[in-house]
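Structure at a glance
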Amino acid sequence: DHFERNYRDLHDAFSEALVERHPKLTKGEIRLSYLVRQKMNNKEIATPLNASPAAVEKAKYRLKTKIGLEKEESLDQYLQEL
């Protein structure tokens, strides 16, 4: 989609690293990763995803689990360092 294409153009190295390390991520999870990496909070992320902040929080938790991060590890920090 348009958002993903534009983000990929601007942040090609991150996009490649994310998909290479986690090839089973869905388009929605990749989009969420892009928004988290932009240091957006749950309320800010909710707007472009057309979701509630609570839904974003749940999605971030599921993404963190799917990526394989431990409870004490930060999804935000992991995505920043990727």
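Overview of the structure. (Residues numbered from 1 in each chain as written. Predicted model: local features only at pLDDT ≥ 70, side-chain atom pairs only at ≥ 80, totals over all residues. Heavy atoms only, no water.)

**Some remarks on the pattern of salt bridges**
Pairing between side chains becomes possible if they bear opposite charge and their charged atoms approach one another. What counts, and what does not: Salt bridge, as applied in this entry: a Lys or Arg side-chain nitrogen positioned within 4 Å of an Asp or Glu carboxyl oxygen. Elements are defined by DSSP. Helices are runs of H or I of four residues or more, strands are runs of E of two residues or more, and each kind is numbered from the N terminus. Summary of the burial criterion: residues with accessible area below 20% of their type's maximum are buried, those above 50% are exposed, and those between are partly exposed, where the area comes from a 1.4 Å probe applied to protein chains only.
With the rule as written, the count across this model stands at two salt bridges. Here E29 ties to K66 by a salt bridge, and the two come within 2.9 Å at their closest N and O atoms. Residue E29 is located in helix α3 (residues 27-37), and its partner K66 is located in helix α5 (residues 53-67); the two are separated by 37 residues in the primary sequence. Assessed through its relative accessible area of 17%, E29 is described here as buried. You can call K66 partly exposed: its relative accessible area is 40%. Here K60 and D76 are joined by a salt bridge, their closest N and O atoms 3.7 Å apart. Of the two residues, K60 sits in helix α5 while D76 sits in helix α6 (residues 75-81), which places them 16 residues apart along the sequence.

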